[in-house]
Amino acid sequence: MTPRSHVRALAALPLLASAFGASAADHLDSPLVRGDPAADINDVYTFVNPNDADELVVVATVSPIANRNTRFSDAVEYRFHFDNGASGGSHVITCVFADESTTVTCDGAGLSASGGIERVLEGDGLRVFAGLRDDPFFFDLAAFNQTRDTLTPAFTDPGSDFFAGLDSLAIVLGIQHAALTGAGQSPVLKVYASTRRFGDVGISPGFTGAHYDPQNPGHGVLLEVLAPSEPGGPDLLGLYWSTFDAESRPVNVIGVGPIDGFSASIEATAVLGGVNPGDGSQTNAELMPFGTITLSFEDCSTGSMGVQPTLAGFNPVEVDLRRLTAIKDLPCSAFSAGQIDRMGRPAINTALIDLLADTGKKDAYNRAEDPAAWAGLFQAEMAGTLAALDTLDGNSGNAVLPPEPLAGVLVDDRLLVDTSIATCDAYLAVELGVAGQCG
């Protein structure tokens, strides 16, 4: 269907006459990932396989509270980063999904594996599993939120596991770690995972629905995301707006325009007149060029409509829009390009960034790609938060390290694992020099 055909179809729509009738671990830890759950990293785990000392197991879970209908995205790269500290010792293994996300391919560092999801794939120096699994992270979300809100410790022993019975999508890699450690010459690895969206960026089909003007209840627009007019073209945004001219006569404005990221520019048409189906007293509708309408969105719920009319009787106007309705079972996601999330250690962004004050750094934290820049961007805030958290039990100075040096450790948000040691059950073991522990 061409844009003009869409306009004619929209002209048949009825009059729109009145108003349309906490994060945990790393789950949902920033505004950006809450709008892009397929790119939201829940947690990262790594350990030496207890049944094969030559294999490093690395796990990333994504998509909080997943179910059998949840799928990996074919427009997101799921990346695993490794650095052994030696020259040329940095590697990335990237996993991508295809065939409606029923197949996965992971490769990097000279290793590869590919095949269907929900099974163990044997590849070249690499084993892969991708599919639905029980979320293994233990987190007392209620106690964490109460502690944060009251600045009084609310944790108990035993605690209450928010994730008990909930599932997540998991990507599990079994890596012959000699490929990452220079054949064992540099056995200590820094490990983290990230997600990068490379497709389906901007307004998604879930934006379809009714949007209203919060300053003028009863006034709004219907929007619908439509398929491209030709293969490979941009998605289209259809608009239906019921408004009035300068003499308070009702006018219906319709149009279709290409989506460009989080905006769409529409050369609109005014529908003047029409037949009253009750008595046929009105004249037939007349289509007239109306002008340009530009829709811009910050997220799924907030946007604006800029109107530049050429039709007499109308003035330029900027209208705020808020989402009112949504289509059942069609979730809305505001997709941004580039790196969406990153994570190494559990709960660093959740607990240490933007916790006590609104710094607005949570998205910046997840999008920061260069580990060399992390300290300059986030260490000062982490140290301040750690100092405040250290006072919660009424006994300052009893943390594993003082706030400043501990922030210096945690700001390098990568798991450290010594692949030459098989026993892995002490947190921060490599960082703190605990003997006989891989981390």
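Residues numbered from 1 in each chain as written. Predicted model: local features only at pLDDT ≥ 70, side-chain atom pairs only at ≥ 80, totals over all residues. Heavy atoms only, no water.

Participant: Got a sec to walk through the overall build of the chain? Specific residues and values, please.
Facilitator: Across its full length, the chain holds eight helices and 22 strands. For the chain, the distance from the average position of its 23 positive side-chain charges to the average position of its 55 negative side-chain charges is 3 Å. (Helix = DSSP H or I, 4+ residues; strand = E, 2+ residues; numbered from the N terminus. Lys, Arg positive; Asp, Glu negative; His and termini not counted. Charge placed at Lys NZ, Arg CZ, Asp CG, Glu CD.)

Participant: Tell me about unusual backbone geometry, residues and numbers included.
Facilitator: In this structure, the amide linkage connecting Asp157 to the following residue, Pro158, adopts the cis form with an omega of 5°. Relative to the elements of secondary structure, Pro158 occurs in the loop between helix H3 (141-150) and strand S9 (167-176). Within the chain, Ser101 stands out as a residue other than glycine whose phi angle is a positive 65°. Within the secondary structure layout, Ser101 lies in the loop between strand S4 (90-98) and strand S5 (103-108). For Ser101, a relative accessible area of 2% translates into the label buried. (Buried < 20%, exposed > 50% of the residue type's maximum accessible area, 1.4 Å probe, protein only.)

Participant: Tell me about the pattern of salt bridges, residues and numbers included.
Facilitator: Per the stated rule, a full pass over the model turns up twelve salt bridges. Between Arg414 and Asp83 there is a salt bridge, and its shortest N-O distance comes to 3.8 Å. Taken together, the residues span a long stretch of sequence, with Arg414 in the loop between helix H7 (403-410) and strand S22 (415-418) and Asp83 in strand S3 (residues 76-83) at a distance of 331 residues. As a salt-bridge pair, Glu381 and Lys361 come within 3.7 Å of each other at their nearest N and O atoms. Here Glu381 is found in helix H6 (residues 371-389), whereas its partner Lys361 is found in the loop between helix H4 (348-352) and helix H5 (362-367), with 20 residues between them in sequence. Among the charged side chains, a salt-bridge network with shared partners connects Asp83, Lys190, Asp412 and Arg414. (Salt bridge = Lys/Arg side-chain N within 4 Å of Asp/Glu carboxyl O.)

Participant: Give me the state of the cysteines: which residues, what numbers.
Facilitator: A complete count under the given rule lists three disulfides for this structure. For Cys300, the disulfide goes to Cys332, at an S-S distance of 2.3 Å. Between Cys300 and Cys332 the sulfur-sulfur dihedral comes to about -95°; the bridge is accordingly left-handed. Note that Cys300 is positioned in the loop between strand S17 (286-297) and strand S18 (302-309) and Cys332 in the loop between strand S19 (317-323) and strand S20 (334-335), a separation of 32 residues in sequence. Each bonded cysteine of the chain gets a number by its place in the sequence, and the pairs then read 1-2, 3-4, 5-6. (Disulfide = S-S within 2.5 Å.)

Participant: How would you explain the packing of aromatic side chains if you had to name every residue and give the values?
Facilitator: This model, assessed by the stated rule, comprises twelve aromatic pairs. Their ring planes at 80° and their centres at 5.4 Å tell us that Tyr192 and Trp374 sit as a pair that is edge-to-face. Taken together, the residues Tyr192 in strand S10 (residues 188-197) and Trp374 in helix H6 connect sequence positions 182 residues apart. Assessed through its relative accessible area of 0%, Trp374 is described here as buried. Here the guanidinium or amino end of Arg342 rests over the ring plane of Tyr365, the centre of that ring lying 3.9 Å away. Across the ring face of Trp374, the terminal group of Arg342 is positioned such that the distance to the ring centre comes to 3.8 Å. (Phe/Tyr/Trp six-rings, centres within 6.5 Å; stacked < 30°, edge-to-face > 60°. Lys NZ or Arg CZ within 6 Å of the ring centre and 35° of its normal.)

Participant: Describe in detail the sheet that holds strand S2 (residues 55-66), supporting the description with residues and values.
Facilitator: Taking strand neighbours across the sheet as the criterion, the five strands line up as S1-S2-S9-S8-S7 in an open arrangement whose pairing is antiparallel. Of all the strands in the sheet, just strand S1 (41-48) and strand S7 (120-122) have a single pairing partner and so form its edges. Ignoring which end each strand starts from, the neighbouring axes of this sheet average 15° apart. Where S2 lies against S9, nine bridges are found, and the strand directions are antiparallel. (Pairing = 2+ DSSP bridges. Axes fitted to C-alpha atoms, helices over the stretch in contact; angles between N-to-C directions.)

Participant: Before we move on, can you summarise H7 with the specific residues and values?
Facilitator: Along H7, the positions that sit buried rather than exposed are Leu406, Ala407, Val409 and Leu410. Looking straight down H7, one finds that the buried residues subtend no more than 155° of arc, so they occupy a single side. Its buried side turned inward, H7 meets H4, H6 and helix H8 (429-432). (Arc of directions from axis to C-beta. Contact = heavy atoms within 4.5 Å.)

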